[in-house]
2 protein chains.
Amino acid sequence: MATKEIPYKIYLEENEIPKQWYNVRADMKNKPAPLLNPATNKPCTLEDLEKVFCTELAKQELNDTDAWIDIPQEILDFYKMYRPAPLVRAYCLEKELDTPAHIYYKFEGNNTSGSHKLNSAIAQAYYAKQQGLKGVTTETGAGQWGTALSMACSYFDLDCQVYMVKVSYEQKPFRREVMRTYGAKVTPSPSMETEVGRKINREFPGTTGSLGCAISEAVEAATKQEGYRYVLGSVLSQVLLHQTVIGLETKAALDKYDIVPDIIIGCAGGGSNLGGLISPFAGEMLRGEKKYQIIAVEPMSCPSLTRGRYVYDFCDTGKVCPLAKMYTLGSGYIPAPNHAGGLRYHGMSSIVSQLYDDGYLEARSVKQTDVFEAAQKFARVEGILPAPESSHAIKVAIDEAMKCKETGEEKNIVFGLTGTGYFDMVAYQKFNDGLMEDYCPTDEEIAASLAKCPKV
Amino acid sequence: MATKEIPYKIYLEENEIPKQWYNVRADMKNKPAPLLNPATNKPCTLEDLEKVFCTELAKQELNDTDAWIDIPQEILDFYKMYRPAPLVRAYCLEKELDTPAHIYYKFEGNNTSGSHKLNSAIAQAYYAKQQGLKGVTTETGAGQWGTALSMACSYFDLDCQVYMVKVSYEQKPFRREVMRTYGAKVTPSPSMETEVGRKINREFPGTTGSLGCAISEAVEAATKQEGYRYVLGSVLSQVLLHQTVIGLETKAALDKYDIVPDIIIGCAGGGSNLGGLISPFAGEMLRGEKKYQIIAVEPMSCPSLTRGRYVYDFCDTGKVCPLAKMYTLGSGYIPAPNHAGGLRYHGMSSIVSQLYDDGYLEARSVKQTDVFEAAQKFARVEGILPAPESSHAIKVAIDEAMKCKETGEEKNIVFGLTGTGYFDMVAYQKFNDGLMEDYCPTDEEIAASLAKCPKV
């Protein structure tokens, strides 16, 4: 129990921004399974990876032994513009719920990209610049990652080419304009600029695109242009590594007030924000020093941890990326189109998957309408309008706080508030108008999708 | 000159949030002229004002003698959720400009309403609640004020009725949905719910509304419903009073590092954010203690300070509010529709007007395209996507920093970054596409509008 009076917002000093990322793989006895080259089914080498990824990032991807990786000074300088991020005591939410629980959230939305994605985007842009590259390519669906990468590339004066799923490009013009304001070239996918894009347009005239197609276009664009590499916003271990600034700052802020969390909650799509938040705590568990209850929250419409299988699978629907062993619903799985809340990825970070398989964390899936109800409740008392993704964590934090109300327990609940929902008002509108629907895939649908996983 | 190393962001402690607002009128030898009752042309009494406004707020409006007004604890508790706001050293912008100047900005966009408007919205909602009212009514154009008020009312469980100019209601559905998410009732104006609305709809079928009409509807709705009052987001002295938290925090942060500003810059629409930012500094000048260069920046398309006249005028185009003596372009003046950047108010806070008339501040008007160019430059290096309104201040801060580059002067430049531009992407898109136009009214247009000012 804390003895000092806890402020609404615990801010660290600028010199308390972590100077190293924490590589939780170093403390894992059961390491995540290696990425496999889809052509050979053998573990990817540095040579395999650096054709597509920046060399230093490929090294980080393969590094499962060094527990601490220095954060370069140029990245730290950028972090200073929007970090440390506050750890907020949700006094108003506690009062609203009338719970004895103490609720804290780490708020990563206080930057223009509106989310935690910037933590990795700036790192990836930096390593690309260091390597002397001209630019990077990527895909974006909802646009959070594309926005963050555009900002990062603008800062380092790198060319940024974003393949944006056509339906999002058309329906989310504001996301697109933010990226353009930061100087990115945003192309609706499938485009006529790549072979794969032209092929898809020929085969499916009028298609509005998919993430899988956009990935394929971005990878092709990276490999066909001199001085370009492809970058990704989640799933990969390098991304999770960069996101550990979230967890390290959270732990430092809690330690400052002698707060020991009982429950740590994060939303899980590709797993990088969750992994970044929990890494330092999972490390303590892995080293046998502490015990926490860690909960990953995923949408009921895309339940990779709770209903998927732990096997090797393609990372992308286009099947151009390495194979990863992960909890997956099958790379062809696409959540119902009425699912508005992000976290639509079919698989899960291999680090998070292994920790889950080893029992270090539990997982829950939640209904979309419940998520928006929690989001609205949170917004009305805490002020911040949360991203739908982040609101999955809010939902379970509220559930746990209500359990404490029943039992009278004064638990410390910490959750990650990964971003803001300014660009998600179409979904909020659906909810406000009572038009939002829930979706839960049948066992048959999942089984059919899983049947297409590669045999490795 | 500062001797301590200055961080990127100067954060005050929670207990350094101001506990009193500073009422600069108390230190003004030439007081702002009183509001006049439009029926009698006599100074408004408390009785006049409290029919429309909350009683405590009406008292604040009339109080030009008490220099310090206590901030109630409930408001302080809310402030703690998003204040203190950081004072940011724009290291990256300085580097980009290669200027010896030191540039600082007070960032008020780190809350869901996205702007400084919340500082006054929460105060006004509090006093309404204290008075036992059921709710408040207001108008909103672009939506910043309506959003802030919705959040504040949601916190205090007050009914909030927002009359939103119909064209904005239709073109800015996301702003509308944020307000609805916070529980506000948002009505496109002119509506069929008020007499004045029905009258206007009869006379001008198909009209898309105006701010003047929305004000008239909101005032009618407040006065015709038991337990309701009307609230306003700028112009009034009470609003400027609440916004002094901006200036007081700015001064405290500067003092902490022994920084003495040479130039203080704010954008000016109705004048409340500018007035709030400069009040503590203007107070020092009024008391003869210090001298600063203070610059108000307004759009060239709505140049009330630089080209208006200092006379009594209506505060609203509907002519239902009290008369105020202010720099005005005439209450019928409406900026060209291609003006996207906010700050469209025809007049100016009577406090700011009097300070300007007495030579305590200077004013500049700037072109819209120059403003967006400055906004883009700022965004690309400082990360934050600024609101078009705030970007007026950025433009002049950059101008001043470039002058320092010529002269070699190491001036300290402080400006107010009032908010973020997430909901202004239509304007950014116009700029990105090269379709943004500038507008400058002719002398004849302004003279014709001014000719309709009331004879007092």
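Residues numbered from 1 in each chain as written. Chains lettered and ligands numbered in written order. Predicted model: local features only at pLDDT ≥ 70, side-chain atom pairs only at ≥ 80, totals over all residues. Heavy atoms only, no water.

Along chain A, the regular secondary structure elements total 19 helices and 15 strands. Projected onto its principal axes, the C-alpha positions of chain A cover 60 × 50 × 45 Å. For chain A, the residues scored as buried account for 66% of the 456 residues in total. Contacts spanning at least 24 positions in sequence make up 76% of the contacts within chain A whose residues lie at least 6 apart. For chain A, the accessible area works out to roughly 15,900 Å², and carbon and sulfur atoms hold 50% of it. One finds the centroid of the 49 positive side-chain charges in chain A at a distance of 3 Å from the centroid of its 58 negative side-chain charges. (Helix = DSSP H or I, 4+ residues; strand = E, 2+ residues; numbered from the N terminus. Buried < 20%, exposed > 50% of the residue type's maximum accessible area, 1.4 Å probe, protein only. Contact = heavy atoms within 4.5 Å. Areas by Shrake-Rupley, 256 points an atom, 1.4 Å probe, with all protein chains shown as cover. Lys, Arg positive; Asp, Glu negative; His and termini not counted. Charge placed at Lys NZ, Arg CZ, Asp CG, Glu CD.)

Least-squares fitting of chain B to chain A yields an RMSD of 0.0 Å, with the superposition described by an axial translation of 0.0 Å and a rotation of 180°. When the rotation and shift are considered jointly, the pair of chain copies conforms to a two-fold rotation axis. Across chain B, the rotation axis passes nearest the C-alpha of N110(B), at a separation of 3.1 Å. (Least-squares fit on C-alpha atoms with pLDDT ≥ 70 in both.)

With that out of the way, let us pick up empty space enclosed by the protein. Applying the stated criterion to the full structure yields 13 cavities of 30 Å³ or more. The space that makes up the largest cavity amounts to roughly 210 Å³. Looking at the lining of the largest cavity, the elements that each hand over two or more residues are strand 4 (87-89) and strand 5 (102-107) of chain A together with helix 3 (73-82) of chain B. If one sorts the elements of the lining of the largest cavity by residue count, helix 3 of chain B sits on top with 3 residues. What the second largest cavity holds in volume is close to 180 Å³. (1 Å grid on protein atoms, 1.4 Å probe; cavity = no way out; pocket = protein on both sides within 12 Å on 5 of 7 lines; lining within 4 Å. Points joined across faces, edges and corners; volume = space filled by probe spheres on them.)

Once that is clear, we can look at the sheet that holds strand 9 (residues 228-230) of chain B. Residues and elements named next belong to chain B. The sheet built from 4 strands is open, its strands ordered 8-7-6-9 with parallel pairing. Unpaired on one side and paired on the other, strand 8 (185-189) and strand 9 mark the two borders of the sheet. Sheet twist, expressed as the mean angle between neighbouring strand axes with direction ignored, is 25°. In this structure, strand 6 (residues 135-140) lies alongside strand 7 (residues 159-165), joined through 6 bridges in parallel fashion. Bridge assignment links T138 to a residue of strand 7, and that residue is V162. (Pairing = 2+ DSSP bridges. Axes fitted to C-alpha atoms, helices over the stretch in contact; angles between N-to-C directions.)

Residue and element names in this part refer to chain B. Considering all chains together, one arrives at 51 salt bridges over all chains under this definition. Among the ionic pairs, E249 bridges to K106, the shortest N-O distance being 2.8 Å. Of this pair, E249 sits in helix 12 (residues 244-256) while K106 sits in strand 5 (residues 102-107), and the two are 143 residues apart along the sequence. Here E249 matches K106 in class, with each residue buried. Residue E193 is joined to K185 by a salt bridge in which the shortest nitrogen-to-oxygen separation is 3.2 Å. (Salt bridge = Lys/Arg side-chain N within 4 Å of Asp/Glu carboxyl O.)

Contact residues are listed per partner, giving 42 residues for chain B and 42 residues for chain A. Where chain B abuts chain A, roughly 4,100 Å² becomes buried across the two surfaces, and 56% of that area is made up of carbon and sulfur atoms. By the criterion of area lost to chain A, the three top residues of chain B are F174(B), T181(B) and Y422(B), representing 18% of everything that side buries. Here chain B is connected to chain A by 2 salt bridges. Between R180(A) and D433(B) there is a salt bridge whose closest N-O contact spans 2.7 Å. Here chain B is connected to chain A by 27 residue pairs in polar contact (both at pLDDT 80 or more). Contributing elements (two or more residues each) for the side of chain B that touches chain A: helix 3, helix 6 (144-156), helix 8 (173-181), helix 16 (368-382) and helix 18 (425-432) of chain B. Considering every element that reaches the side of chain B that touches chain A, the biggest residue donor is helix 8 of chain B, with 6 residues. Here the side of chain B that touches chain A is composed, by residue class, of 21 nonpolar, 10 polar and 11 charged. (Buried area = accessible area lost by both parts, 1.4 Å probe. Polar contact = N/O pair within 3.5 Å; in protein donor to acceptor, adjacent residues only side chain to side chain. Nonpolar A, V, L, I, M, F, W, Y, C, P; charged D, E, K, R; others polar.)

Attention now moves to the domain arrangement of chain A. Accessible area lost upon the coming together of the parts is a frequently used measure of interface size. Residues and elements named next belong to chain A. Looking at the assigned domains, one finds that chain A contains domain 1 (9-16 + 72-114 + 238-450) and domain 2 (30-70 + 116-236). Using only C-alpha atoms to locate each centre, domain 1 and domain 2 end up separated by 22 Å. With 49 residues of domain 1 at the contact, the number on the domain 2 side is 49 residues. Each partner contributes to the roughly 4,200 Å² buried at the junction of domain 1 and domain 2, and carbon and sulfur atoms together form 63% of this total. Three residues, S113, Q238 and F423, lead the burial of domain 1 against domain 2; their summed loss comes to 18% of the area buried on that side. Measuring nitrogen to oxygen at the nearest pair gives 3.5 Å for the salt bridge that ties D424 to K172. One can count 18 residue pairs in polar contact (both at pLDDT 80 or more) joining domain 1 with domain 2. Secondary structure elements with two or more residues in the side of domain 1 that touches domain 2: helix 3 (73-82), helix 11 (237-242), helix 12 (244-256), helix 13 (272-286), strand 12 (309-314), strand 13 (323-328) and helix 15 (350-357). (Domains from an automatic or database assignment.)

Residue and element names in this part refer to chain B. Mapped onto the fold, L305 is located in helix 14 (residues 304-307). Classification of L305 by relative accessible area gives buried; the value is 3%. For the pair L305 and E139, spaced 166 residues apart in the sequence, the C-alpha separation amounts to 24 Å. Every residue in contact with L305, bar those within four places of it in the chain, is listed here: A296, E298, Y327, M348, Y356 and A363.

Regular strands have side chains that alternate between both faces of the sheet. Residues and elements named next belong to chain A. With 6 of 6 residues buried, strand 15 (residues 412-417) is to be regarded as a mostly interior element. Across the two faces of strand 15 the burial is the same, with N412, V414 and G416 and I413, F415 and L417 all buried. Across 6 bridges, the pairing between strand 5 and strand 15 is parallel. Among the inter-strand pairings, Y104 is bridged to a residue of strand 15, identified as V414. Bridge count for strand 10 (residues 263-267) against strand 15 is 3 bridges, and the pairing is parallel. Bridge assignment links I265 to a residue of strand 15, and that residue is F415.

Picture the strands of a sheet paired through backbone hydrogen bonds; they go either parallel or antiparallel. Residue and element names in this part refer to chain B. If you walk across this open sheet you meet the 7 strands as 1-4-5-15-10-11-14, and the pairing is mixed. Of all the strands in the sheet, just strand 1 (9-10) and strand 14 (362-366) have a single pairing partner and so form its edges. Strand direction decides the pairing type here: strand 1 and strand 4 (residues 87-89), joined by 2 bridges, are antiparallel. Counterpart to I10 in the pairing with strand 4 is L87.

Turning our eyes to something else, we now look at helix 19 (residues 443-450) of chain B. Residue and element names in this part refer to chain B. I446, S449 and L450 are the residues of helix 19 that are buried. The arc enclosing the buried residues of helix 19, seen along the axis, measures out at 100°, which places them on a common side. Structurally, helix 19 contributes buried residues whose contacts are with helix 14, strand 12 (309-314) and strand 13 (323-328). (Arc of directions from axis to C-beta.)

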